[in-house]
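Listed below, chain by chain, are the residues.
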Amino acid sequence: MPKRNRVTNDSGHKKIQKRAIPLLLSCITTFPLFSVQSSANSGIDVYPPNWWVGMQNSNVELMLYGDDVADDTVSIAKGDVRVKHSQALDSENYLFVTLDTSNVSAQELVIRLTDSDGTTRDLTYTLEKRAQGSASRKGFGPQDAIYLIAPDRYANGNKENDNVKGYGDPADRSFKGGRHGGDIQGIVDNLNYIQDMGFTQIWTMPMLENAMDKYSYHGYSTTDYYKIDPRFGSNDDFIALSTEAKSKGLGIIMDMVLNHIGSNHLWMKDTPSHDWINNNGKFVGTTHKREALHDPHAIASDIKGFSDGWFVPTMPDLNQRNPHLANYLIQNAIWWVESAGLSGIRVDTYSYPDKAFLSQWTNRIMDEYPNFNIVGEEWSVNPAITAYWQAGSHRHDDYDSALPSVMDFPLQAAVVEALSNDESWNSGFISVYETLATDFLYGDPNNLVIFPDNHDMSRIFTQLGHDKDKWNMAMTLLLTTRGIPQVFYGTEILMGNEGSEDHGIIRSDFPGGWPSDNDKNAFTGHGLTDDERWAQQRVKGLLQLRKSHPLQFKGLLKHFAPENGVYTYIREANVDSASGADKSNTNQSDKILVILNKKPVDLPLNKYAEVLSTHQTLTRVSDGISFKTTDTLSLPAMSASVFIVQ
């Protein structure tokens, strides 16, 4: 077959005049093998590097990257799969090959690429057998509590990978925006602490390769979607973390970035197609006007300005309208779920990618894993905006969203507002009450991820003026109300960021995570102040309550309208969850009563007769003191009281 004619287009890419590529099929006995390396494939990189048989979608599209691969003819030299389609785009070094894996067993393939001069290159590719129960894996849910970690700032378990040859941005713990050396081994070394605190899920900021010149520690400028950054560890280390965590009852939630890449990604040097990056590969800032996606009066340019704009020049914005890029991102997510045994995904800047793509991405993943969970970050304090993205919500259009969960920014803002303002008919706890009253907008409000703070905002202790009583009220509320609570590392010991809103300060090192941290170690308690130790135990006590009463926290929330600075609510198992519970579990009929009050109050418990019966007993979690429902409680100002109602 003669070589294709190539011309250079305006963007500098070699544009290929495409024509049909003949396909060849053969069958042969095969056996399983793990993922291939490019060195074993004649210098050709393959993405995804391996796949599985028995997937819901039997097609897998391989992105082949290698010198002058685009015009090669593709055939199967070994194996019984079918090449369904092969397509080149604008670069001479990429070829997209779709394999049909339906009705085949796990095997090793040999894919043959034949050039026009008759020369061939063979590459091996493995189709693996899925782990038992993979498709039915259970994602994180309302019974869980999530611990959010910035890996670079948590613990340095392996000093040998602080700096890696070929990577810039050397470790410098004295620089707030530099790499500090935390890694996967540091998390593994401290899984017992996370487990003992009572957390059941770990979400880490992204750990994929970020080969950027500076500020690479945060992980949000991906330069390789299939490779853990070696300064954190290896792919095998990440998989080992997931395995070890699972043995301790901890799931792993992976942070994924679909909207953009790092400017040092290979795609910025050799782009598969001219439309791979939005705005012709040149920086145009996003408007951040997410409302344009929902505004009935919006003009098209405002919608495009939000979705197609870049965050910063070092974060090129991906065009997910390109079907090959869309497929690449979908398969990448599935590959990590399958490879690392994930229990969930957190999606960065969820609403910024192409809207139709987001529907396709979430639907494809949920089709493969119907019991899985994915939470999207939509940073809006308007419940109507956040609710739009959750599956099952009532929408103003016919948009098909399969996204199970959304980050509940409206509630976070309401909690801070409630505790920062005096009580009146229209301020104070009323902001929390009114926010929760809009839960009718959501498909499943109990599956929202709620949080006092995160890695992108001031810590809650700082937001509340370093007032430990307000911190206690916020933490108590957010660890007991509806939803799935997430706690940012260090929040449990009153870490703050007084005097600076720099992210490098907000994401300060967790004390005790480095061998040189002799004065203070939060893992052991050494050197903590009395307040820090008290806060840590308070969070631990509330998390243990969640673990001992999972049905209640999966169940119903009923709250009383705030009155005179008192806000009260109750958690109880719903009928459906209790009917399927272990009947030997004596906790299943318990209720959890929470009372938050700003002023000293004598509170007659018969006030809550609607939810409490006269024969029940209330036991305060903090000190074990019991009360009858006919008693009057004397509560000090700025208190957060939690009771088990038996």
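In this text, all values refer to a predicted model and were calculated from it rather than measured experimentally. (Residues numbered from 1 in each chain as written. Predicted model: local features only at pLDDT ≥ 70, side-chain atom pairs only at ≥ 80, totals over all residues. Heavy atoms only, no water.)

1. A look at the environment of asparagine 426
Within the element layout of this structure, asparagine 426 appears in the loop between helix H9 (409-420) and helix H10 (430-437). With a relative accessible area of 47%, asparagine 426 lands in the partly exposed category. Sequence separation between asparagine 426 and asparagine 454 is 28 residues; the distance between their C-alpha atoms is 28 Å. Among the polar contacts listed, one links the side chain of asparagine 426 to the side chain of serine 424, at a separation of 2.9 Å. (Helix = DSSP H or I, 4+ residues; strand = E, 2+ residues; numbered from the N terminus. Buried < 20%, exposed > 50% of the residue type's maximum accessible area, 1.4 Å probe, protein only. Polar contact = N/O pair within 3.5 Å; in protein donor to acceptor, adjacent residues only side chain to side chain.)

2. Quick word on helix H12 (residues 468-478)
Where burial is concerned, most of H12 is hidden: 8 out of the 11 residues are buried. Turning to H12, its buried residues are Trp471, Asn472, Met473, Ala474, Met475, Thr476, Leu477 and Leu478. Structurally, the start of H12 carries an N-cap: the backbone nitrogen of aspartate 469 is 2.9 Å from a side-chain oxygen of aspartate 467.

3. Overview of empty space enclosed by the protein
Considering all chains together, one arrives at 2 cavities of 30 Å³ or more under this definition. Estimated volume of the largest cavity: approximately 90 Å³. Along the walls of the largest cavity sit Pro206, Leu208, Thr222, Tyr225, Met254, Asp255, Met256, Val257, Leu258, Leu329, Asn332 and Trp336, which together make up its complete lining. Among the elements of the structure, strand S15 (251-256) and helix H6 (323-340) are those that each provide at least two residues to the lining of the largest cavity. Across the lining of the largest cavity, the residue classes break down as 9 nonpolar, 2 polar and 1 charged. Lining the second largest cavity, in full, are Thr204, Met205, Pro206, Met207, Leu208, Phe238, Met254 and Asp255. Tallied by class, residues from the lining of the second largest cavity come to 6 nonpolar, 1 polar and 1 charged. (1 Å grid on protein atoms, 1.4 Å probe; cavity = no way out; pocket = protein on both sides within 12 Å on 5 of 7 lines; lining within 4 Å. Points joined across faces, edges and corners; volume = space filled by probe spheres on them. Nonpolar A, V, L, I, M, F, W, Y, C, P; charged D, E, K, R; others polar.)

4. Points about the packing of H12 against helix H14 (residues 530-548)
Helix-helix packing: each pair is described by the crossing angle between the helix axes and the interaxial distance. Following both chains from N to C, one finds H12 and H14 inclined at 15°, their axes separated by 11 Å at the closest point. The orientation of H12 relative to H14 falls into the category roughly parallel. In this structure, H12 crosses over H14, and the sense of that crossing is right-handed. Contacts between H12 and H14 involve Lys468, Trp471, Asn472, Met475 and Thr476 on the former and, on the latter, Asp531, Trp534, Ala535, Arg538, Val539 and Leu542. Of the residues contributing to the contact of H12 with H14, the split by class is 6 nonpolar, 2 polar and 3 charged. (Axes fitted to C-alpha atoms, helices over the stretch in contact; angles between N-to-C directions. Parallel < 35°, antiparallel > 145°, perpendicular 65-115°, else oblique. Left-handed = near helix turned anticlockwise from the far one by under 90°. Contact = heavy atoms within 4.5 Å.)

5. What to know about the sheet that holds strand S23 (residues 591-597)
An order of S21-S22-S23-S28-S25-S26 is seen for the 6 strands of this open sheet, with the pairing classed as antiparallel. Two strands lie at the open edges of the sheet, namely strand S21 (556-563) and strand S26 (626-628), each paired on one side alone. The sheet shows a mean angle of 25° between the axes of neighbouring strands, direction not considered. As judged from the 7 bridges shared by strand S22 (residues 566-572) and S23, these two strands associate in the antiparallel manner. For isoleucine 570, the partnering residue across the bridge sits in S23 and is leucine 593. Packing against the sheet, H10 makes contact with S21 and S22, and its axis sits at approximately 140° to S21. (Pairing = 2+ DSSP bridges.)

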